[in-house]
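Each chain is listed here by its residues.
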2 protein chains.
Amino acid sequence: MTSARGAFVDRLTAVVTRHGPLCVGIDPHPGLLARWGHEDDAAGVERFGREAVAALAGHVAVIKPQVALFEVHGSGGVRALERVLADARDAGLLTIADAKRGDIGSTMTAYARAWLADTSPLAADAVTLSPYLGVGSLTPALDLAAQTGRGVFVLARTSNPEAPAVQSAQSWTPLSDPTTPGMREVAQGVVDACAAANRARGTGVAGVVVGATAGTTGQAHGLDLTRLGAAVLVPGLGAQGATPDDLARAFGDGTGPVVPSSSREILSAGPDPEALRDACRALNGALGDLGLPAGPIGA
Amino acid sequence: MTSARGAFVDRLTAVVTRHGPLCVGIDPHPGLLARWGHEDDAAGVERFGREAVAALAGHVAVIKPQVALFEVHGSGGVRALERVLADARDAGLLTIADAKRGDIGSTMTAYARAWLADTSPLAADAVTLSPYLGVGSLTPALDLAAQTGRGVFVLARTSNPEAPAVQSAQSWTPLSDPTTPGMREVAQGVVDACAAANRARGTGVAGVVVGATAGTTGQAHGLDLTRLGAAVLVPGLGAQGATPDDLARAFGDGTGPVVPSSSREILSAGPDPEALRDACRALNGALGDLGLPAGPIGA
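What you see is a predicted model, and the numbers here were worked out from it, not measured in a lab.

> Is there a simple way to explain helix 7 (residues 139–148) of chain B in this structure?
Every α-helix winds through 3.6 residues per turn, so residues three or four apart in the chain are directed the same way. Three or more residues of helix 7 of chain B are buried, namely A141, L142, L144, A145, A146 and T148 of chain B. In this fold, the buried residues of helix 7 of chain B make contact with helix 6 (105–116), strand 4 (126–129), strand 5 (151–157), helix 9 (186–201) and strand 8 (206–210) of chain B.

> What's the story with the relation of the copies chain A and chain B in this structure? I'm lost.
There are two copies of the chain, and a rotation about an axis plus a shift along that axis relates them. Taken as rigid bodies, chain A and chain B are interconverted by a rotation of 180° and an axial shift of 0.0 Å, the fit giving an RMSD of 0.0 Å. Such values leave the two copies arranged in the relation of a two-fold axis. Here 100% of the contact residues of chain A are again contact residues in chain B; the copies associate through an equivalent surface.

> Sorry, what's going on with the sheet that holds strand 1 (residues 23–26) of chain A here?
Strands pair in a sheet through their backbones, by hydrogen bonds, and they do so in one of two ways: parallel or antiparallel. All names here are of chain A. Taken together, 8 strands build a closed barrel; the order of strands is 1-2-3-4-5-8-9-10 and the barrel is parallel. The mean angle between the axes of side-by-side strands here comes to 30°, regardless of whether they run parallel or antiparallel. Here strand 5 (residues 151–157) runs beside strand 8 (residues 206–210); their pairing, made up of 5 bridges, is parallel. Paired with V154 across the two strands is V208, which belongs to strand 8.

> For this particular structure, what's the right way to read the packing of aromatic side chains?
Residue and element names in this part refer to chain A. As enumerated under the stated definition, the model contains 4 aromatic pairs over all chains in all. Residues W36 and F48 carry aromatic rings whose centres are separated by 4.5 Å and whose planes lie at 50° to one another, so their mutual orientation is tilted. Of the two residues, W36 sits in the loop between helix 2 (30–35) and helix 3 (42–56) while F48 sits in helix 3, which places them 12 residues apart along the sequence. In this pair, the class of W36 matches that of F48, namely buried.

> It is not clear to me how the state of the cysteines should be interpreted in this structure. Could you clarify?
Working definition: the covalent bond between the sulfur atoms of two cysteines is a disulfide. All names here are of chain B. All chains considered together, the criterion is met by 0 disulfides over all chains. Cysteine C194 remains unbridged, with the sulfur of C23 as its closest cysteine sulfur at 18 Å. Owing to a relative accessible area of 0%, C194 belongs among the buried residues under this scheme.

> Can you walk me through the nonpolar core in this structure?
Note that soluble globular proteins tend to have their nonpolar side chains buried in a common cluster. Ranked by internal contacts, the top residues of the largest apolar core, which has 199 residues, are L12, W115 and V152 of chain A together with L12, W115 and V152 of chain B. Filtering out sequence-adjacent residues up to four positions away, W115 of chain B remains in contact with E71 of chain A together with V67, L81, A97, A99, R101, L122, A123, A124, V127 and R150 of chain B.

> Explanation requested: the interface of chain A and chain B in the structure shown.
Interface size is commonly expressed as the accessible surface area that is lost when the partners come together. Each partner contributes to the interface: chain A provides 53 residues, whereas chain B provides 53 residues. The residue K100 of chain B makes a salt bridge to D103 of chain A at a minimum N-O spacing of 2.8 Å. Connecting chain A to chain B are 21 residue pairs in polar contact (both at pLDDT 80 or more). For the side of chain A that touches chain B, the secondary structure elements donating two or more residues are helix 4 (68–71), helix 5 (74–91), strand 3 (94–101), helix 6 (105–116), strand 5, helix 8 (164–167), strand 6 (170–172) and helix 9 (186–201) of chain A. Considering each element in turn, the side of chain A that touches chain B owes the most residues, 7 residues, to helix 6 of chain A. Of the residues belonging to the side of chain A that touches chain B, the class tally is 25 nonpolar, 17 polar and 11 charged.

> What am I meant to see in the side chain of S120 of chain A here?
All names here are of chain A. Residue position: S120 is located in the loop between helix 6 and strand 4 (126–129). Under the relative-accessibility criterion, S120 is labelled buried at 8%. Within the structure, the side chain of S120 is placed 3.1 Å from the backbone nitrogen of L122, a separation counted as a polar contact. Other than its neighbours up to four places away in sequence, S120 contacts R113 and A114.

> Would you mind going over the confidence of the model for chain A with me for this structure?
Low-pLDDT stretches of the model should not have their predicted coordinates read in fine detail. On average, residues of chain A score 90 in pLDDT, and 89% of them are at 70 or above. Overall fold confidence (pTM) sits at 0.95, and the ipTM for the predicted complex is 0.95.

Conventions and cut-offs
Residues numbered from 1 in each chain as written. Chains lettered and ligands numbered in written order. Predicted model: local features only at pLDDT ≥ 70, side-chain atom pairs only at ≥ 80, totals over all residues. Heavy atoms only, no water. Buried < 20%, exposed > 50% of the residue type's maximum accessible area, 1.4 Å probe, protein only. Helix = DSSP H or I, 4+ residues; strand = E, 2+ residues; numbered from the N terminus. Contact = heavy atoms within 4.5 Å. Least-squares fit on C-alpha atoms with pLDDT ≥ 70 in both. Pairing = 2+ DSSP bridges. Axes fitted to C-alpha atoms, helices over the stretch in contact; angles between N-to-C directions. Phe/Tyr/Trp six-rings, centres within 6.5 Å; stacked < 30°, edge-to-face > 60°. Disulfide = S-S within 2.5 Å. Core = buried A, V, L, I, M, F, W, Y, C linked by side-chain atoms within 4.5 Å. Salt bridge = Lys/Arg side-chain N within 4 Å of Asp/Glu carboxyl O. Polar contact = N/O pair within 3.5 Å; in protein donor to acceptor, adjacent residues only side chain to side chain. Nonpolar A, V, L, I, M, F, W, Y, C, P; charged D, E, K, R; others polar. pLDDT = per-residue confidence, 0-100.

Okay, structure coming up:
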């Protein structure tokens, strides 16, 4: 069952093909708010987010508001996020709510409804999820996303140095899963579980989040993404240290669509809208030259 | 550095000693809202939560609002949660915000400020965190909790059947960590990292979440909690299948304080306040007879 608005991965492929793959993170950190002339409060993050949306609409494919930086201002900050998301919807910008939610059962259903239901004031086109409770526990969100033409991005491998304690731990691949015989890292297990969920639904509803570099060594992510059948969100372009060349090395193998996200490197070019758009054009140009896969997906 | 209000684990031990260990989950699921005569909207969850707080204040030690069931109503639901938390503060009820948040760096700092800063409208006495990005990534929350006399509960082992794919994966214990030589499960690694964080801070700021039963087998959690030096939050008493006897088998080994949480079993006794309190008294009585450790903590 797919919504009238079409499957998420097809909508994503369409806007990435048109505007380039760059996803702009809407991260109202205190330093950026000061640079843009806004207070570090609910009204300030609302003005920041809405000005960014107004400047970027029609010029980039996707924005990714960082939910924590709205939630820190309490319900007023969440109200500000609702208004930013509404502006983005009206402007035709695809939105990924970077919320990293995760729970079980009817509680997970509530998170899914908050971020993926047509009637929710917080509805985005996709939401990031955290799989410590197992990818299977996220099923209510995958189901609702498939119904409403939305998507999820499940954390698989992140670049922070503390991550390997969990993400690089190993377990035996269940005999029921033929994809990766033998021992398998947790991060690969997340990718494989998302791949199975996409195959079962016949559409790429379950993307993954993979850092452009892994851990403290700066080596590539080491994951087999070729069977995923959905999009890969790659945070940390720019301020967190990854370059377009790093991306080409890590994701130039035909997996797609790959959506690299940059926050501070773009936003610190603001608040002047033309300077913001110039920064996006430059980065999209550098990314475009790499031949990153934009879709369609080889599932 | 500890706040004037004292360390979280001492405050928790004091209220548990006085009222018994039961933590009442404030979970405004649609079915419960209907039973209490409230709509499934922001106003409904606010009335439900505030009526529960009014009935429970002075009769139980701790409440645990389930954030997802407020967030599903958008910013209006988050505003409702702020009012429920304010009522609980005024009434002297300890609060654990069941938010399962987790991120890295300055973003994690924002989540920490949202739930643990004195000035935040969402401030609770403790918040649950999810460690898929590594327990080390949660440091901003542990630091702020220690400063403000608050605490965190990090997901370690949960009871849902999808959990072992991540939580039972194994990795080599780092040579720098003498606690558990050899291979170690992710869940035990979370416990050991929290134990190290508590030793480093000299106070039990980092508790863990451990299901009363583990996985589909109903067996005990299998974790060594004896060095934790902080509290253990045990969800799922009642509706999710664990009995007080299960708790005694799983946690009767001198680790403490153990805080079992029950939601639907208690709340479905409402909305009559006296019936709610009777249900709490009965469950606290059954728990009290088990001799669960209430503190002080053996670190």
